[in-house]
Amino acid sequence: METDFDEKMMNYALSLADKAEALGEIPVGAVLVDEQGNIVGEGWNLSITNSDPTAHAEIIALRNAGQKIQNYRLLNLTLYVTLEPCTMCAGAILHSRIKRLVFGASDYKTGAVGSRFHFFDDYKMNHIVEITSGVLERECSQKLSQFFQKRREAKKQQKRLEKEKTIQ
């Protein structure tokens, strides 16, 4: 069930996604919050910047929280992320034992929380994560769509410039 607090935290995750975009990263942001509403960890995509395929926003936020609370078990925390987690991130979420996952946009190519895969639906899992999807879905989807549109336009422009150079 979506709440005003969920929207507030998703807006914060969107602001973290802006940090990723400013670095040329895919704009995804994530924030971990405790039951009192305090931010315990945050992250944004850094895979390109760090040359690290595991540096997704969720992983960065989980690492940040683990360091802050000095524990690899992140019990009773809620993770807000602007994009549906992939299988790698879903696995990390499971192992961290967070209580709840809230995400914005669905990812029909690699989403592991219902869009492409159903990672958390396996009854054999040793931990159950509460899931809320679609919080500020339109805003989260638009941010990603606009990013990829700009990227495509920049590539077209680059090809035009390269073509002009070869003609001269």
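Residues numbered from 1 in each chain as written. Predicted model: local features only at pLDDT ≥ 70, side-chain atom pairs only at ≥ 80, totals over all residues. Heavy atoms only, no water.

> How would you explain the overall build of the protein chain if you had to name every residue and give the values?
In terms of helices and strands, the protein chain carries five helices and five strands. Along its sequence from the N terminus, the protein chain presents helices and strands in the succession α-β-β-α-α-β-α-β-β-α. The C-alpha extent of the protein chain, read off along each of the three principal axes, is 65 × 30 × 30 Å. In the protein chain, which comprises 168 residues, the proportion classed as buried is 43%. Surface summary for the protein chain: the accessible area is close to 9,700 Å², and the carbon and sulfur share equals 51%. Computed over 22 positive and 22 negative side-chain charges, the inter-centroid distance for the protein chain is 7 Å. (Helix = DSSP H or I, 4+ residues; strand = E, 2+ residues; numbered from the N terminus. Buried < 20%, exposed > 50% of the residue type's maximum accessible area, 1.4 Å probe, protein only. Areas by Shrake-Rupley, 256 points an atom, 1.4 Å probe, with all protein chains shown as cover. Lys, Arg positive; Asp, Glu negative; His and termini not counted. Charge placed at Lys NZ, Arg CZ, Asp CG, Glu CD.)

> If you had to explain the sheet that holds strand β5 (residues 130–133) to someone new, which residues and values would you point to?
Sheet strands pair by backbone hydrogen bonding; their relative direction is either parallel or antiparallel. Pairing within the open sheet is mixed, and its five strands lie in the order β2-β1-β3-β4-β5. Each edge of the sheet is formed by a strand with only one pairing partner; in this case those strands are β2 (39–44) and β5. Direction aside, the axes of adjacent strands within the sheet are offset by 15° on average. The pairing of strand β1 (residues 29–33) with strand β3 (residues 78–83) spans four bridges and is antiparallel. (Pairing = 2+ DSSP bridges. Axes fitted to C-alpha atoms, helices over the stretch in contact; angles between N-to-C directions.)

> Please give an account of the UniProt feature "domain: CMP/dCMP-type deaminase" (unreviewed entry) in the protein chain that cites residues and values.
The UniProt record marks residues 4–130 with the feature "domain: CMP/dCMP-type deaminase" (unreviewed entry), using the residue numbering of this structure. The span residues 4–130 shows a helical share of 36% and a strand share of 19%, and its end C-alpha atoms are spaced 17 Å apart. (UniProt positions renumbered as here; feature names shortened; annotations may be inferred.)

> Give a description of the packing of helix α1 (residues 4–22) against helix α5 (residues 137–167) that names residues and reports values.
Relative orientation of the contacting elements α1 and α5 amounts to 10°, with a least axis distance of 10 Å. By the angle between their directions, the pair α1 and α5 is classed as roughly parallel. On α5, the residues that touch M10, L14, A17, D18 and E21 of α1 are E139, C140, K143, F147 and K150. Residue classes in the contact of α1 with α5 are distributed as five nonpolar, no polar and five charged. (Parallel < 35°, antiparallel > 145°, perpendicular 65-115°, else oblique. Contact = heavy atoms within 4.5 Å. Nonpolar A, V, L, I, M, F, W, Y, C, P; charged D, E, K, R; others polar.)

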